[in-house]
Amino acid sequence: MKQARDLLSNLKSLAGPLPEFHPNEITNNPSDLFLQWLNTAIEEGVNEPHAMTLSTVDAEGAPDARVLILKDVTRDRWYFATSLASRKGEQLHVNQKVALTFYWSEIGRQVRIRGVASEMTKERNTEDFLKRSSAAQAMALIGNQSKTLDKREDLESELLKTKDLVNQTPKTISPNWKLFAVLADEIEFWQGDPERKHMRVQYKRNGEQWKHRLLWP
Ligand SMILES: Cc1cc2nc3c(=O)[nH]c(=O)nc-3n(C[C@H](O)[C@H](O)[C@H](O)COP(=O)(O)O)c2cc1C
């Protein structure tokens, strides 16, 4: 087998062709630009464009990260859903400062968002929970995300029991499954360029207003 560094050095990155991002496409509000980029990602067939990395920090300030699904975007807010009892749930309890990162490799685009996460209302949680598939509802109702699983059979038997519960009492809501909104205060849009003349625009929020500047690649 090849050495890892040989395998890696043969891989291409940002080979293109990639779309361009002109300064005249910069919008006043970054949520508008995000939605334009999300639409482009969907049209261009990007695989799971709604998958994003959520970064959190623990009580000691050590970072952690994992992939989640983007549930919604409204003005200045990005939404995700998870279990309060999970590791990230515990981290969010002590520190609400988070980062979200999207990478859409097919079009060479990255979006970085920094902001503060807060829990949504019970009504929004219920609405989101009931939209989940019955398997996803059952898994959330078991509620053991990030806890030690002694053996896979335990998962199968818990799932069987909980799927029964979901079928018999379809509106059972997990008390731990929560929708969070990240109120963004900094967002960067990065368009890769095969010649490495990447285009970077960073927005910073001041109250209701956003300012932007270009960054060197
Ligand atoms: C494509 C993809 C989508 C995922 N979506 C979610 C999600 O929406 N919510 C969630 O809690 N975990 C989701 N996960 C699982 C998380 O990455 C993670 O394993 C889990 O939430 C436990 O993280 P924690 O131990 O840091 O709390 C997803 C994973 C992948 C790869």
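As recorded by an unreviewed UniProt entry, the protein chain carries the name Pyridoxamine 5'-phosphate oxidase and is attributed to Virgibacillus litoralis. The UniProt entry for the protein chain carries the following text under Cofactor (unreviewed entry): "FMN". Check the Sequence similarities (unreviewed entry) section of the UniProt entry for the protein chain; it says "Belongs to the pyridoxamine 5'-phosphate oxidase family."

> Mind laying out the site of the ligand, listing which residues take part and the relevant values?
The ligand sits among 13 residues. The nearest are Arg-66, Val-67, Thr-82, Lys-88 and Ser-146. Interatomic distance of 2.6 Å between a backbone N/O atom of Val-67 and an oxygen atom of the ligand. The side chain of Ser-146 places a nitrogen or oxygen atom 2.5 Å from an oxygen atom of the ligand. Protein contacts shield 66% of the accessible area of the ligand, which totals 630 Å² for the unbound molecule. The greatest single-element share of the shell around the ligand, amounting to four residues, is contributed by strand E2 (residues 63-69). Along the lines of polarity and charge, the residues of the shell around the ligand split into five nonpolar, four polar and four charged.

> Report on the packing of aromatic side chains, specifying residues and quantitative values.
Within the structure shown, the criterion is met by nine aromatic pairs. Measuring from ring centre to ring centre gives 5.9 Å for Phe-34 and Trp-104, while their planes differ by 50 degrees; the resulting arrangement is tilted. Remark: Trp-104 occurs in strand E5 (residues 97-104) and Phe-34 occurs in helix H2 (residues 30-43); sequence separation between them is 70 residues. Per residue, the accessibility class of Phe-34 equals that of Trp-104, and both read buried. An aromatic cluster is built from Phe-21, Trp-37, Phe-189, Tyr-203 and Trp-210, whose rings are joined through pairwise contacts. Taking NZ or CZ as reference, Arg-109 lies 4.0 Å from the ring centre of Trp-37, over its face.

> Any details on the UniProt feature "domain: Pyridoxamine 5'-phosphate oxidase N-terminal" (unreviewed entry) in the protein chain? Residues and values, ideally.
In this structure's numbering, the residues bearing the UniProt feature "domain: Pyridoxamine 5'-phosphate oxidase N-terminal" (unreviewed entry) are residues 40-153. Its end C-alpha atoms 43 Å apart, residues 40-153 is made of 29% helix and 38% strand.

> Tell me about the side chain of Thr-27, residues and numbers included.
Note that Thr-27 resides in the loop between helix H1 (4-9) and H2. According to the relative accessible area criterion, Thr-27 is buried, its value standing at 14%. A distance of 3.4 Å separates a polar atom in the side chain of Thr-27 from the backbone nitrogen of Leu-33.

Thresholds applied
- Residues numbered from 1 in each chain as written.
- Predicted model: local features only at pLDDT ≥ 70, side-chain atom pairs only at ≥ 80, totals over all residues.
- Heavy atoms only, no water.
- UniProt positions renumbered as here; feature names shortened; annotations may be inferred.
- Near = heavy atom within 4 Å.
- Polar contact = N/O pair within 3.5 Å; in protein donor to acceptor, adjacent residues only side chain to side chain.
- Areas by Shrake-Rupley, 256 points an atom, 1.4 Å probe, with all protein chains shown as cover.
- Helix = DSSP H or I, 4+ residues; strand = E, 2+ residues; numbered from the N terminus.
- Nonpolar A, V, L, I, M, F, W, Y, C, P; charged D, E, K, R; others polar.
- Phe/Tyr/Trp six-rings, centres within 6.5 Å; stacked < 30°, edge-to-face > 60°.
- Buried < 20%, exposed > 50% of the residue type's maximum accessible area, 1.4 Å probe, protein only.
- Lys NZ or Arg CZ within 6 Å of the ring centre and 35° of its normal.

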